[in-house]
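Per-entry structural report
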Amino acid sequence: MTDAPALIRFDGAPLPLASLAAALAGPVRAMLPDGSRAALRRGRAALEAAAAAGQPIYGMTTGVGAMKHQCHQGAAMAAFNHSLGLAHEVAVGAPVAPGIARLALVLRLNTLATGRVGVSEAFAECLAGMLDHDILPRMRRHGSVGCGDLGQLGQLATAMTGLGTVLHKGRERPAAEAFADAGLAVHAMRPREGLAAVASNSFSLAAALAAVLAARARVAQALAQAPVMALAWGLDRTVWQAAETSLMPLEAAIARHLSAATAAQTDWPARGSVQDALSARFMVQVLAPGVIAAEEALDTLHLASGQVDDNPTVLADGRVVTSGASHHAQLSLRLGALQAALAMLGRNLFNKCLMLTNGQLPGLPVNLVPEGMVATGYGPLMKLAMEQSARIAAAAAPVAPHALTLAAGLEDEALLLPLTAERIADQAEALGWLLTISALLSVQAIALRGLDPVGPAATLTAQVRAHVPPFAGDIPLSARLTALRASLDAKTPVLAPMPTLTQTTLYNKLDQPAFPHPTGEMR
């Protein structure tokens, strides 16, 4: 029996992380409360009144971009709004995951529910109907610079009007056919609605959220496996006692977590040197930035889910003005910080794996091959680890500073958010393999030391040994690594809940109210 689709209430307020994650994971149901419907009607009436009074309104009575000086009236205005979606249906490449397309609909509908975009109630009802029946526009990967997701949302616009392609009931279908099967009417774009369909950042935000959630899961996995890697090394645990005095956000909390997670391990290896390598000693200092960067990116995405980033926008007093909120610069900076933190984590994981296999740690032979055995061992596995580490580092370069000039110079501050999201997703994917390799090497090292693993080490050992036996000779590893990774992906979040940022964020240090952290409550 499958779970019922999550119910999401669209009232324009930032959506809880649980609602956003639910949309990524599977079908949802849309609730447009009376207050949202009233706001939609007020916003539409204000927009139409402004146009009737002769106010030029971008994308309604005028063209867009470099064509903004063109004026449209009467039938020409209606024709222009219909054709706008067709003109912007230019995205190409592989289809994005259904969850990203679904989340893009969720984000678009939520900001419409404020009434500040000026679309009709019927426009919002069309999106709600698509969500209720899980009719998803077939969005393609390439086509947005992150200043309005024109290419992908052009695919939404054509789907809404019955001219595009959708994913419905597990297969690609003409939109008109899927709408008819669901008993829905396709939407006829009214003046202003063509631009509202194509010119938000809902696709960028959906792609970013999917990538950040994947990255956050990898950071949680690294936190869960850190005590086991420390045991495999025979790390001097007093470094964590020193770290408990740190003034840097979250470092003391993570140090306490690592100390507690290893407290029951009484047969800890004896010290073999005055101090350990930096990659082991600074485990806390590498993990903390990853946790903070992931959480701050999620907090910013949470706020962005209620940010009206349309141009133009309708103010509370009914005025229609040029938007000043469509530039997600703070989010771009948060994502860049996450890229850097993931690269640091990837480098650290690789260094620790290298030390486990290079024969320099007391009690551990080269390539973790037991003494007297004729075998190659886990040396070749480090080639895979090196490749994944390089992938993580290569994807760390920020893209927001790239100079762009589009639409006669009007779009000179595009942030390339979809490309940033792709890079974070690539980093998260590569980190998954590095962490799988780390788990295997750690468990083998613990076995070679003759230790009796307890707590997190015992749990991880059971997971590894379900797929890879203790080393008794060289065996093919590709399928075993793939199965082990799937097991780690499924079970790691249970091992180590992420620390929260309570009383540690920059906002508190500036004596400003802390931004609300997603509570998990479904709105």
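Residues numbered from 1 in each chain as written. Predicted model: local features only at pLDDT ≥ 70, side-chain atom pairs only at ≥ 80, totals over all residues. Heavy atoms only, no water.

Considering the overall build of the chain
Note the cut-off: Each helix is a run of DSSP H or I of at least 4 residues and each strand a run of E of at least 2, with the numbering of both proceeding from the N terminus. Our radius of gyration is a C-alpha quantity, and the globule rule it is checked against amounts to 2.2 Å times the number of residues to the power 0.38. Note on exposure labels: buried denotes an accessible area under 20% of the residue type's maximum, exposed denotes more than 50%, and partly exposed covers the range between, all computed with a 1.4 Å probe on protein chains only. Residue-level accessible areas treat just the shown protein chains as cover; the underlying method is Shrake-Rupley with a 1.4 Å probe. Positive charges come from Lys and Arg alone, negative charges from Asp and Glu alone, with His and the N- and C-terminal ends not counted. Just so you know, the charge point we use is NZ for Lys, CZ for Arg, CG for Asp and CD for Glu.
Helix and strand content of the chain: 19 helices and 9 strands. Its C-alpha atoms give the chain a radius of gyration of 26 Å, within 12% of the compact-globule value 24 Å for 523 residues. By its C-alpha atoms, the chain is 85 × 50 × 45 Å across when sized along the principal axes. The buried share of the chain, reckoned over its 523 residues, is 54%. Surface accessibility of the chain: about 21300 Å² in total, with carbon and sulfur atoms responsible for 59%. Taken as two groups, the 38 positive and 38 negative side-chain charges of the chain have centres that lie 2 Å from each other.

With respect to the sheet that holds strand E7 (residues 171-174)
Here is the rule we go by: Strand pairing is assigned whenever DSSP detects at least two bridges linking the two strands.
The 3 strands are arranged E4-E6-E7 in an open sheet whose pairing can be described as antiparallel. Single-partner strands in this sheet number two, and they are strand E4 (136-137) and E7.

Description of the pairing of strand E2 (residues 28-31)
Rule in force here: With the strands pointing away from the viewer, any crossover whose connection runs clockwise from the first strand over the helix to the second is right-handed.
Burial of E2 is one-sided: the residues Val28 and Ala30 facing one way are buried, the residues Arg29 and Met31 facing the other way are not. Pairing of strand E1 (residues 6-9) with E2 involves 4 bridges; the strand directions are parallel. Looking at the pairing, Leu7 lines up with Arg29 of E2. At this point the chain moves from E1, through helix H1 (residues 17-25), to the parallel E2, and the crossover so formed is right-handed.

A few points about the packing of H1 against helix H9 (residues 202-233)
Inclusion rule: Angles run from 0 to 180 degrees between N-to-C directions of axes, and those axes are lines fitted to C-alpha atoms, restricted for helices to the stretch in contact. For classification purposes, angles smaller than 35 degrees are called roughly parallel, those larger than 145 roughly antiparallel, those between 65 and 115 roughly perpendicular, and all remaining angles oblique. Note on contacts: a residue pair is in contact if any heavy atoms of the two residues lie within 4.5 Å. Nonpolar residues are Ala, Val, Leu, Ile, Met, Phe, Trp, Tyr, Cys and Pro. Charged residues are Asp, Glu, Lys and Arg, and all others, Gly as well, are polar.
As a packed pair, H1 and H9 sit with axes 11 Å apart at the nearest point and diverge in direction by 100°. Compared by their axis directions, H1 and H9 come out roughly perpendicular. Along the contact surface, H1 presents Leu17, Leu20, Ala21 and Leu24, while H9 presents Leu209, Ala210 and Leu213. Its residues assigned to classes, the contact of H1 with H9 comprises 7 nonpolar, no polar and no charged.

A few points about the environment of Gln330
Structurally, Gln330 can be placed in helix H14 (residues 329-357). Given the relative accessible area of 53%, Gln330 is considered exposed. Sequence separation of Gln330 and Gln152 is 178 residues, and the distance between their C-alpha atoms is 23 Å.

So, the pattern of salt bridges
Basically, it comes down to this: Here, a salt bridge means any side-chain nitrogen of Lys or Arg that lies within 4 Å of a carboxyl oxygen of Asp or Glu.
Summed over the entire model, instances satisfying the criterion amount to 21 salt bridges. Across the pair Arg216 and Glu295 runs a salt bridge, and its minimum N-O distance is 2.6 Å. Taken as a pair, Arg216 in helix H9 and Glu295 in helix H13 (residues 283-304) lie far apart in primary sequence, 79 residues in all. Using a relative accessible area of 2% as the deciding quantity, one classes Glu295 as buried. When the shortest N-O distance is used, the salt bridge between Asp236 and Arg271 registers 3.9 Å.

Comments concerning the packing of aromatic side chains
Note the threshold: Only the six-membered ring of Trp is used, alongside the rings of Phe and Tyr, when aromatic pairs are assigned; centres must lie within 6.5 Å, and planes under 30 degrees apart are stacked while those over 60 apart are edge-to-face, with the rest tilted.
Within this structure, the stated rule accounts for 1 aromatic pair. When the ring of Tyr378 is compared with that of Phe471, the centres are 5.4 Å apart and the planes differ by 70°; the resulting orientation is edge-to-face. In this pair, Tyr378 is assigned in the loop between H14 and helix H15 (381-394) and Phe471 in the loop between helix H17 (456-465) and helix H18 (478-495), connecting sequence segments 93 residues apart. Per residue, the accessibility class of Tyr378 equals that of Phe471, and both read buried.

Looking at the confidence of the model for the chain
Note the cut-off: You can read pLDDT as the predictor saying how much it trusts each residue, on a scale of 0 to 100.
Of the residues in the chain, 91% have a pLDDT of 70 or more, and the chain-wide mean is 89. Below a pLDDT of 50 lies the segment residues 501-523, which in the model reaches 40 contacts outside its immediate sequence neighbourhood of four places, other chains included.

Considering unusual backbone geometry
Look at the link from Asn311 to Pro312: it is a cis peptide, with omega at 0°. Backbone geometry places Leu368, a non-glycine residue, at a positive phi of 60°. Locating Leu368 in the fold gives a position in the loop between H14 and H15. Phi angles above zero are rare outside glycine, and Leu416 is one such case at about 55°. The exposure class of Leu416 is buried, given its relative accessible area of 12%.

A few points about helix H5 (residues 121-132)
Test applied: How far a helix is expected to stretch is found by multiplying one less than its residue total by 1.5 Å.
The first and last C-alpha atoms of H5 sit 16 Å apart over 12 residues, in line with the 16 Å expected at 1.5 Å per residue. With 9 of its 12 residues buried, H5 lies for the most part within the structure. Turning to H5, its buried residues are Glu121, Phe123, Ala124, Cys126, Leu127, Ala128, Gly129, Met130 and Leu131. One or two positions beyond H5, positive phi appears at Asp134, with a value near 50°.

Topic: empty space enclosed by the protein
Quick reminder of the rule: Think of a 1 Å grid over just the protein atoms. A cavity is a set of points where a 1.4 Å probe fits yet cannot get out, a pocket is an open set with protein on both sides within 12 Å along at least five of seven lines, and lining residues have an atom within 4 Å of a point. Grid points are joined across faces, edges and corners, and a volume is the space filled by probe spheres set on the points.
All told, the structure shown has 5 cavities of 30 Å³ or more when counted by the stated rule. Here the largest cavity defines a volume of roughly 70 Å³. Lining the largest cavity we find Ala222, Gln225, Ala226, Met229, Met283, Val286, Leu287, Leu345, Asn348, Leu349, Lys352 and Ser438. The residue inventory of the lining of the largest cavity, partitioned by class, reads 8 nonpolar, 3 polar and 1 charged. Roughly 50 Å³ of internal volume is contained in the second largest cavity. In this structure, the second largest cavity is lined by Leu107, Arg108, Thr111, Ser200, Asn201, Ser202, Leu205, Ala304, Ser305, Gln307 and Asp309.

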